[in-house]
Amino acid sequence: MKALILGANGYLGPHVVKALEAEHELLITDIKPPPTETSHKFRLVDATNLDQVMDAAEGMDTIINLSVVRPHRVLAFGVNTLGCYNTMLAAVKHKIRRVINTGPHFTVTGPPYEGFDFDIGPDVPPQSGINLYAHSKSLGQEICRVFTEHHDIWVQEYLFYNFRDPAKLTPGGGGVPFQISWDDAGEIFRLGLKIELDKLPSKCEVFCCLGDMPHGKFSNEKTKKILGFRPKDDLSAQWTKPV
Amino acid sequence: MQRRAFLGSSAVAAVAGASAATAQSASGTAGPIRRILITSAEHRLARVLADSLSEAHEIRLTSLNAVESKHPFQQSDLGHEEPTDRLVEGIDAIVHVAEPLPGADMHQQIDHLTRRTYNLLLAAGKAGVQKVVYLSTLELLTAYDEKFVVDEQWRPRPGLAGPSLPKHLGEYTCREFARIGVLPIVTLRLGKVVHASEMSRGSFDPLWVAEEDVAQAVRLAITKGSENTGSSLSRWTVLNISSGSGKARFDSSRAKRVLGYEPAHNG
């Protein structure tokens, strides 16, 4: 599959590339060049620039949108919201049926859930709250969803929170109850490109992408059930009592 | 300086003697609604609303561009910096007409209804604005088969052309501000807004609503408190605003019940 990756040179991008490169032809794009030499095609693409996104998407089978801006209001809405609009316009124009979009967990499961509930899954009405990052990403996801109602495009929305290197766990270090190893995160993208679209329950599906957490706060059951995700890295030592 | 100019306007004396309406927020704090900010001043509807509301309130209009107006006007790009904070300083309620500039492309429309709305609401929350009335569109519901009686309980189904997607995203933003309790927000979904005289000419459009009736609905939404538990406004209230014609595509039963809305121009 020919895969366009937007925002490929951020924190998550290199791990997605590593997971996909054996099976797919990748076009890596970002607003900055890759930090190290890459064997893949690379192009400078700003997700806020429709023409650049359109050009990059030509001939692709899928778009994976990893682009993100967190703190700056103009840029956050530009990348996180309008970037999704551009992605979906490009998918429509180039007849790309498979899109994977990404965002933080509170794109959907924001404070009204997180502050109150347990076993929080992805199939709940989005309640991002007004955190800039969460809300601008949530608007982007809503744009993707609306496009799936009008076009033959299938969107998988992957929600993440914290990433962790399993070799660097700190017993008792704690942290948010929604974590995944970098490798497991990359694996979910591989599974997302592998699944036949008609095996997805609908044209717009949200997945909580986390490892097996001991807390029971958030649930990765849907990701396991639909995509066949089996986290290989156990991060639970992060919450054991220090020796 | 803008604040002083605003308070120093000749409208102040008239307003001081008027019976300022009282609103009550979801948090229970109550206060008179004296000063109202209206956005999208270049649009006819904003001017109609300003004229109507100025009978009992001090009005400040704003727009991205400079607009000549008989009401106090403050230009603002609704950015994320101090000018937007100053724009809402001393304001009790905002009528967010939320129309992009004429000729704006879809990117600009989405940006206006998301980022700029976010900035406005964030500044309003900080400034202690008591209520926001957001003007949306009934086009969010036109995708449903006409055989259905579609009310506010039906999920919006925005299209990808025209104003419905940006307006929907504006609602999405407003809803989150209301949900977490920053501001009580009343969303009025309007049909095609026309002057009353147009409704008696030609064939009736089931989406028509007279601008005079919209002004009535906005005035009621501004002034309606939660003193009556049977018809209270929650911190997030969505109301369809149509004409009262039997041919209207959507009815306004809930607005009638909750606000006391009585459309006078029914084709």
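All residue numbers here refer to positions counted from 1 along the written sequence of the relevant chain. Just so you know, chain letters begin at A and ligand numbers begin at 1, following the order they were written in. With the structure being a predicted model, the display of local features is reserved for residues of pLDDT at least 70 and the display and counting of side-chain atom pairs for 80 or more, all residues being used for whole-chain, interface and lining totals.

**Details of the overall build of chain A**
We count a stretch as a helix when DSSP gives it H or I for four or more residues in a row; a strand needs E for two or more, and each element gets its number in order from the N terminus. Counting secondary structure elements, chain A contains seven helices and nine strands. Throughout, the radius of gyration refers to the C-alpha atoms, and the reference size of a globule is 2.2 Å times the residue count to the power 0.38. Taken over C-alpha atoms, the radius of gyration comes to 17 Å for chain A, in line with the 18 Å a tight globule of 243 residues would show. By its C-alpha atoms, chain A is 55 × 40 × 40 Å across when sized along the principal axes. With C-beta atoms placed from the backbone, a residue counts as buried when 20 or more other C-beta atoms lie within 10 Å of its own, as exposed when 12 or fewer do, and as partly exposed for counts between those limits. Every one of the 243 residues in chain A was classed for burial, and the buried ones make up 49%. Long-range contacts, defined here as pairs at least 24 residues apart, represent 67% of the contacts in chain A between residues at least 6 apart. By definition, residue pairs are in contact when their C-beta atoms, positioned from the backbone, come within 7 Å.

**Remarks on the overall build of chain B**
Helices and strands together make up the secondary structure of chain B, namely eight helices and eleven strands. Relative to its full complement of 267 residues, chain B shows a buried share of 51%. Partitioning the intrachain contacts of chain B with sequence separation of at least 6 by distance along the chain shows that 65% fall at a separation of at least 24.

**Describing the sheet that holds strand S3 (residues 41–44) of chain A**
All names here are of chain A. Strands were regarded as paired on the criterion that DSSP finds at least two bridges between them. The sheet built from seven strands is open, its strands ordered S3-S2-S1-S4-S5-S6-S9 with parallel pairing. Two strands lie at the open edges of the sheet, namely S3 and strand S9 (204–208), each paired on one side alone. Taken over all neighbouring pairs, the strand axes of this sheet differ in orientation by 20° on average, direction set aside. Bridging between strand S4 (residues 62–65) and strand S5 (residues 98–104) involves four bridges; their strand directions are parallel. Each residue of the ladder has a partner; that of Asn65, found in S5, is Asn101. Note on geometry: axes are C-alpha line fits, over the in-contact stretch for helices, and angles between N-to-C directions span 0 to 180 degrees.

**Points about the sheet that holds strand S3 (residues 35–38) of chain B**
Residues and elements named next belong to chain B. Pairing in this open sheet of seven strands is parallel, and the strands run S5-S4-S3-S6-S7-S8-S11 from one edge to the other. Two strands in the sheet have a free side with no partner beyond their single neighbour: strand S5 (73–75) and strand S11 (236–241). In this sheet, adjacent strand axes meet at a mean angle of 20° when their direction is disregarded. The sheet contact formed by strand S7 (residues 131–137) and strand S8 (residues 185–190) spans six bridges and is parallel. Within the sheet, the bridge partner assigned to Tyr134 lies in S8 and is Thr187. Along the sheet, helix H6 (residues 164–179) makes contact with S7, S8 and S11, crossing S7 at roughly 155°. With respect to the sheet, helix H7 (residues 211–223) is in contact with S3, strand S6 (93–96), S7, S8 and S11, its orientation differing from that of S8 by roughly 170°.

**Quick look at helix H5 (residues 106–127) of chain B**
Residue and element names in this part refer to chain B. In a regular helix each residue adds 1.5 Å, so 22 residues correspond to 32 Å; H5 covers 30 Å between its end C-alpha atoms and thus fits that length. The quantity called bend is, for any residue, the angle between two axes fitted respectively to the seven residues ending at it and the seven beginning at it. Of all the bends found along H5, the most pronounced is centred on His112 and spans about 30°. Gly128 sits one or two residues past H5 and shows a positive phi near 80°. Any helix carries an expected span of 1.5 Å times its number of residues minus one.

**Describing helix H2 (residues 50–57) of chain A**
All names here are of chain A. Among all positions in H2, only Val53, Ala56 and Ala57 are buried. Buried residues along H2 cover an arc of 95° about the axis, so they all sit on one side. Set apart from the buried face of H2 by more than 90 degrees, the exposed residues are Asp51 and Asp55. Elements in contact with the buried residues of H2: strand S1 (2–6), strand S2 (25–30), S3, S4 and helix H3 (73–93). One or two residues past the end of H2 sits Gly59, with phi positive at roughly 80°. The arc refers to the directions leading from the helix axis to the C-beta atoms.

**A word on the environment of Arg47(B)**
You can see Arg47(B) is positioned in helix H3 (residues 44–53). With 22 residues separating them in the primary sequence, Arg47(B) and Ser69(B) have C-alpha atoms 8.2 Å apart.

**Quick word on the pairing of S9(A)**
Residues and elements named next belong to chain A. With five of five residues buried, S9 lies mostly within the body of the structure. Burial of the side chains of S9 extends over both faces: Cys204, Val206 and Cys208 are buried on one face and Glu205 and Phe207 on the other. When strand S6 (residues 154–160) meets S9, the two strands line up parallel, connected through five bridges. Paired with Leu159 across the strands is Cys208, a residue of S9.

**Here's the deal with unusual backbone geometry**
Unusually for a residue other than glycine, Asp119(A) sits at a positive phi of about 55°. You can see Asp119(A) is positioned in the loop between helix H4 (111–114) and helix H5 (132–150).

**Concerning the interface of chain B and chain A**
You'll often see interface size given as the accessible area lost when the parts meet. Every contact between the two is made by 20 residues of chain B and, on the other side, 19 residues of chain A. Elements that contribute at least two residues to the side of chain B that touches chain A include exactly H5 and H6 of chain B.

**As for the nonpolar core**
To count as a nonpolar core, a set of buried Ala, Val, Leu, Ile, Met, Phe, Trp, Tyr and Cys residues must be joined through C-beta atoms within 7 Å. Within the largest apolar cluster, 133 residues are counted, with the highest numbers of intra-cluster contacts made by Ile5(A), Ile63(A), Cys209(A), Ile38(B), Leu121(B), Leu188(B) and Ala217(B). Counting residues per element, this core draws most heavily on H3(A), which supplies nine residues. Non-local contacts of Cys209(A), meaning those with residues more than four positions away in its chain, are made with Tyr158(A), Leu159(A), Phe160(A), Ile180(A), Ala185(A), Ile188(A) and Thr223(A).

**Description of the environment of Leu82(A)**
Considering the arrangement of structural elements, one finds Leu82(A) in helix H3. Judged by the 25 C-beta atoms lying within 10 Å of it, Leu82(A) falls in the buried class. Spatially, the C-alpha atoms of Leu82(A) and Gly140(A) are 6.8 Å apart, while their sequence positions differ by 58 residues. Sequence-distant contacts of Leu82(A), defined by excluding residues within four places in its chain, comprise Thr48(A), Phe77(A), His107(B), Ile110(B) and Asp111(B).

**Points about the packing of H3(A) against H5(B)**
Relative orientation of the contacting elements H3(A) and H5(B) amounts to 140°, with a least axis distance of 10 Å. Between H3(A) and H5(B), the angle is such that the two are oblique. Relative to H5(B), the crossing made by H3(A) is right-handed. Residues Arg73(A), Val74(A), Phe77(A), Thr81(A), Leu82(A) and Tyr85(A) of H3(A) lie in contact with H5(B), whose contacting residues are His107(B), Ile110(B), Asp111(B), Thr114(B), Arg115(B) and Asn119(B). Of the residues assigned to the contact of H3(A) with H5(B), the class counts are five nonpolar, four polar and three charged. An angle below 35 degrees is treated as roughly parallel, one above 145 as roughly antiparallel, one from 65 to 115 as roughly perpendicular, and anything else as oblique. We call a crossing left-handed when the near helix sits turned anticlockwise from the far one by less than a right angle, and right-handed when that turn is clockwise. Residues are grouped as follows: Ala, Val, Leu, Ile, Met, Phe, Trp, Tyr, Cys and Pro are nonpolar; Asp, Glu, Lys and Arg are charged; all remaining types, including Gly, are polar.

**Here's the deal with the confidence of the model for chain B**
Residue and element names in this part refer to chain B. A residue's pLDDT is the confidence the predictor assigns to it, expressed on a 0 to 100 scale. On average, chain B scores 87 in pLDDT, and the residues at 70 or more come to 86%. Taken as a whole, residues 1–29 scores under 50 in pLDDT and shows 50 contacts with residues more than four places along the chain or in a different chain. Taken together, the stretch residues 226–231 has pLDDT below 50 and engages in six contacts with residues farther than four places along the chain or on a different chain.

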